[in-house]
Amino acid sequence: MGWFEAHSENYFAAGGSQRESLERIRADYALSLHGVGLSIGSTDPLDRAHLNELVRLVRDFAPMLVSEHLSWGSVGGRFMNDLLPLPYTEEALRHMVTRVRAVQDALGRQILIENVSSYLQFTCSEVPEWEFLAALADESGCGILLAVNNVYVSAMNHGFDACAYVDGIPGSVVKEIHLAGHAVNRVGRRELRIDTHNTHVCDAVWDLYALALKRFGRVPALIEWDADIPALEVLVAEAHKADQIMETCRAATA
Amino acid sequence: MLPLRELQLRFCAAVFDDALDAVTPWIHGDEIDAEARVSIYRHNVHEGFTKTLALEFPVIERLVGEDYFRQLALLLLAEHPSRAGNLHHIGAPFSLFLRRRFEGTPYSYLSDVAALEWAYQESMVAAEVPPLDLDTLRSVAPHAYEQLRFALHPACVLVRSAYPIVRIWTTNQQNVGNEEVIELSSGADLVLVRRADDAIEFRRLSVGDFTLLGALARDTALGDALEAARALDPDFNLGAALRRFIALGVLTGVRISASTSAAESTSAEGAPQ
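What you are looking at is a predicted structure, and each value in this text was computed from that prediction instead of being measured.

Scoring rules and cut-offs
Residues numbered from 1 in each chain as written. Chains lettered and ligands numbered in written order. Predicted model: local features only at pLDDT ≥ 70, side-chain atom pairs only at ≥ 80, totals over all residues. Heavy atoms only, no water. Helix = DSSP H or I, 4+ residues; strand = E, 2+ residues; numbered from the N terminus. Rg over C-alpha atoms; globule rule 2.2 N^0.38 Å. Buried < 20%, exposed > 50% of the residue type's maximum accessible area, 1.4 Å probe, protein only. Contact = heavy atoms within 4.5 Å. Areas by Shrake-Rupley, 256 points an atom, 1.4 Å probe, with all protein chains shown as cover. Lys, Arg positive; Asp, Glu negative; His and termini not counted. Charge placed at Lys NZ, Arg CZ, Asp CG, Glu CD. Domains from an automatic or database assignment. Buried area = accessible area lost by both parts, 1.4 Å probe. Pairing = 2+ DSSP bridges. Axes fitted to C-alpha atoms, helices over the stretch in contact; angles between N-to-C directions. Expected span 1.5 Å × (residues − 1). Parallel < 35°, antiparallel > 145°, perpendicular 65-115°, else oblique. Left-handed = near helix turned anticlockwise from the far one by under 90°. Nonpolar A, V, L, I, M, F, W, Y, C, P; charged D, E, K, R; others polar. Salt bridge = Lys/Arg side-chain N within 4 Å of Asp/Glu carboxyl O.

### A short note on the overall build of chain B
Within chain B, the regular secondary structure consists of 11 helices and six strands. A compact globule built from 273 residues would reach a C-alpha radius of gyration of about 19 Å, whereas chain B, at 24 Å, exceeds it by more than 25%. When burial is assessed residue by residue, chain B has 48% of its 273 residues classed as buried. In chain B, the proportion of contacts linking residues at least 24 apart, taken out of those at least 6 apart, comes to 65%. A total accessible area of about 13,400 Å² is found for chain B, and carbon and sulfur atoms account for 51% of it. Charge centroids of chain B, computed over 24 positive and 37 negative side chains, lie 3 Å from each other.

Take a look at the structure:
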């Protein structure tokens with residue numbers, strides 16, 4: 001194991017054994033804190049209580065990376081606790097830039113923003129998601145956590161070219177890659193891919209990962225397998241496969 | 001074009017208020033229409049809420065069954081949607097929700113079992129605080145005893161029930177065969193929930209101990225708390241009780257104050273922070 005990633009919100013607790021476990025991991029490994037609940041894209045005021053908890057956690061654990069999502073999850077004070085897609089409009093971009101800057105100011109450091117899997121597209125979107133994400137990174141100074149599985153899931157669900165997505169992200173801003181397994185559901189005559197994190201990474205996503213490595217170089221990659229968790233050997237084998245592909249790509253470009 | 005806020009409010013109404021039409025005109029549809037696409041998100045929200053609640057209340061889920069638990073979870077979601085990006089808090093109103101729903105029915109005990117399970121959750125994540133030092137207490141002049149007010153460890157929660165909730169909880173753990181039939185009238189429980197070496201302990205208390213601790217938890221002065229305990233247990237031994245609670249790490253701070261108002265001047269007697 002090279003490093004660990006933890007969901008920030010799981011460690012907001014004031015005390016208890018969970019926090020102690022994370023302290024033991026942090027003593028020996030580099031740590032990434034990955035948030036799922038800040039609702040950065042919401043038009044409600046930024047949740048200061050949530051942000052303060054994150055500031056405290058980042059101060060206590062000094063992680064190598066801190067990340068959140070290109071999404072929103074609450075409005076009018078009601079939280080859906082889900083990663084909902086944004087419309088890719090100029091207004092939404094201005095909003096996200098302001099919010100990401102506010103979070104980075106509060107934390108005193110850069111954050112990474114991750115693309116999410118989506119099951120719908122808004123009719124008012126003006127640009128493809130990768131252009132929106134690249135512009136957000138350029139204007140806010142955030143890095144990008146490129147979830148290769150999410151690129152593939154959304155590409156298949158919405159019929160765009162996953163390779164065009166990867167090619168549309170500037171080489172220098174990707175600081176981390178996520179890999180994961182997903183489910184293929186059938187809705188009427190169509191297939192719909194759902195981001196489930198409960199199985200092996202599929203071949204098409206491994207291929208896209210190799211393409212991403214060529215473009216973004218050697219960045220930390222993580223297998224997200226947080227539902228139907230398998231035996232440790234299975235997970236380690238999956239991580240080993242990711243390492244091997246990284247080594248192959250490095251040899252090819254050396 | 002719809003402003004971002006308006007779009008989000010409409011999406012939220014579709015998810016929480018079943019108003020799918022509110023947002024579908026702004027969502028692309030093809031062989032999978034806009035309504036089916038929004039429904040995926042609504043389903044995910046329902047499942048995420050139900051799954052988290054089930055993790056927090058495994059005994060309630062086991063008592064009422066998975067299907068009915070899901071119905072209860074969705075009713076709770078409608079009344080008390082999550083108010084934070086951290087789902088942990090959704091279980092806070094569940095016991096009261098069950099009480100209102102089942103008051104006066106044979107299922108009124110469910111609310112008390114839920115209170116015990118929520119106390120378990122709260123105790124697990126509470127801050128760690130060192131126990132009160134006995135010497136601190138010994139340094140207090142006897143005439144000031146009556147005015148002492150104590151701080152309880154954040155991981156300590158008191159739960160009172162007319163039903164044998166500890167036995168119900170224990171019998172309904174995953175690793176225990178639940179063949180046992182429990183008579184609801186077979187006992188009332190006065191429970192101190194506390195954390196000991198990262199395990200959660202349910203400790204049944206005597207009526208005197210429970211009354212004293214309950215009063216102290218409400219920031220009642222020791223003299224009045226003792227009076228309340230003696231009213232229910234004339235033989236209540238205060239010294240023994242205090243030593244017991246300090247040994248268990250239940251009491252973590254003490255101060256002398258004639259008033260319950262925190263704004264009043266208090267003389268801290270070395271209460272550990």
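The rest of the description comes next.
### Quick word on the overall build of chain A
When its secondary structure is counted, chain A shows eight helices and 11 strands. Summarising its shape, the C-alpha atoms of chain A cover approximately 45 × 40 × 40 Å along the three principal directions. Taken over 254 residues, chain A has a buried fraction of 54%. The contacts of chain A with a sequence gap of at least 6 include a subset with a gap of at least 24, amounting to 80%.

### Thoughts on the domain arrangement of chain B
Residue and element names in this part refer to chain B. Domain annotation for chain B reports domain 1 (1-123) and domain 2 (126-273). A C-alpha centroid distance of 34 Å is found between domain 1 and domain 2. Listed by partner, the interface residues are 15 residues for domain 1 and 24 residues for domain 2. Carbon and sulfur atoms supply 66% of the area buried between domain 1 and domain 2, which totals about 1,700 Å² over both sides. Among the residues of domain 1 in contact with domain 2, R62, L116 and S123 are the three that bury the most area, contributing 42% of the side total.

### Description of unusual backbone geometry
Leave glycine aside and you will find that most residues have negative phi; peptide bonds, for their part, are mostly trans. Residues and elements named next belong to chain A. Phi angles above zero are rare outside glycine, and S39 is one such case at about 55°. Along the chain, the position of S39 falls in the loop between β2 (30-34) and α2 (48-61). Although it is not a glycine, H197 adopts a positive phi angle of roughly 55°. Following the sequence through the fold, H197 ends up in the loop between β10 (190-195) and α7 (203-216). Taking the relative accessible area as the measure of exposure, H197 reaches 11% and is therefore buried.

### A short note on the sheet that holds strand β4 (residues 199-204) of chain B
All names here are of chain B. Across the sheet, three strands lie side by side as β2-β3-β4; this open sheet has antiparallel pairing. Across the chains shown, the open sheet's two edge strands, defined by having one partner strand only, are β2 (157-161) and β4. Adjacent strand axes in the sheet meet at a mean angle of 25°, parallel and antiparallel pairs treated alike. Its contacts with the sheet place helix α6 (residues 109-125) against β2, β3 (189-196) and β4, and it is angled at close to 20° to β3. Contacts from helix α9 (residues 207-217) reach β2 and β3 within the one sheet, and its direction differs from that of β2 by about 130°.

### Some details on α6(B)
All names here are of chain B. An ideal rise of 1.5 Å per residue puts 24 Å on 17 residues; α6 measures up with 25 Å between its terminal C-alpha atoms. The buried count for α6 comes to 12 of 17 residues, which makes it a mostly enclosed element. Of the positions making up α6, those classed as buried are Y109, L110, S111, D112, V113, A114, L116, E117, W118, A119, Q121 and S123.

### Remarks on the packing of α9(B) against helix α10 (residues 222-232) of chain B
All names here are of chain B. Across the interface, α9 lies against α10 with an axial gap of 8 Å and an inter-helix angle of 150°. Here α9 is positioned roughly antiparallel relative to α10, judged by the angle of their axes. Pair α9 / α10 crosses with right-handed handedness. Together, V207, G208, T211, L212, A215 and L216 of α9 and L222, A225, L226, A228, A229 and L232 of α10 make up the contact between the two elements. Across the contact of α9 with α10, the residue classes tally to 10 nonpolar, two polar and no charged.

### With respect to the environment of B:V250
Residue and element names in this part refer to chain B. Along the chain, the position of V250 falls in the loop between α11 (238-247) and β5 (251-256). C-alpha of V250 to C-alpha of T105: the two residues are 145 residues apart in sequence and 35 Å apart in space. Not counting the four nearest positions on each side in its chain, V250 is found in contact with A151, L152, H153, C156, L192, R194, L213 and F245.

### A look at the interface of chain B and chain A
Taken residue by residue, the interface counts 40 residues in chain B and 49 residues in chain A. Taking both sides of the interface into account, the surface hidden between chain B and chain A amounts to around 3,800 Å²; carbon and sulfur atoms contribute 62%. Among the residues of chain B in contact with chain A, B:L4, B:Q8 and B:Y41 are the three that bury the most area, contributing 18% of the side total. Scanning the region where chain B abuts chain A turns up five salt bridges. The residue A:R190 makes a salt bridge to B:D30 at a minimum N-O spacing of 3.2 Å. Breaking the side of chain B that touches chain A down by element, the ones donating at least two residues are α1 (4-16), α2 (34-56) and α6 of chain B. The element best represented in the side of chain B that touches chain A is α1(B), accounting for 10 residues.

### A short note on the pattern of salt bridges
Within the structure shown, the criterion is met by 27 salt bridges over all chains. When the shortest N-O distance is used, the salt bridge between B:R100 and B:E79 registers 2.7 Å. In this pair, B:R100 is assigned in helix α5 (residues 94-102) and B:E79 in helix α4 (residues 66-79), connecting sequence segments 21 residues apart. One salt-bridge network, in which partners are shared between bridges, spans A:R189, A:R190, B:D30, B:E31 and B:R37.

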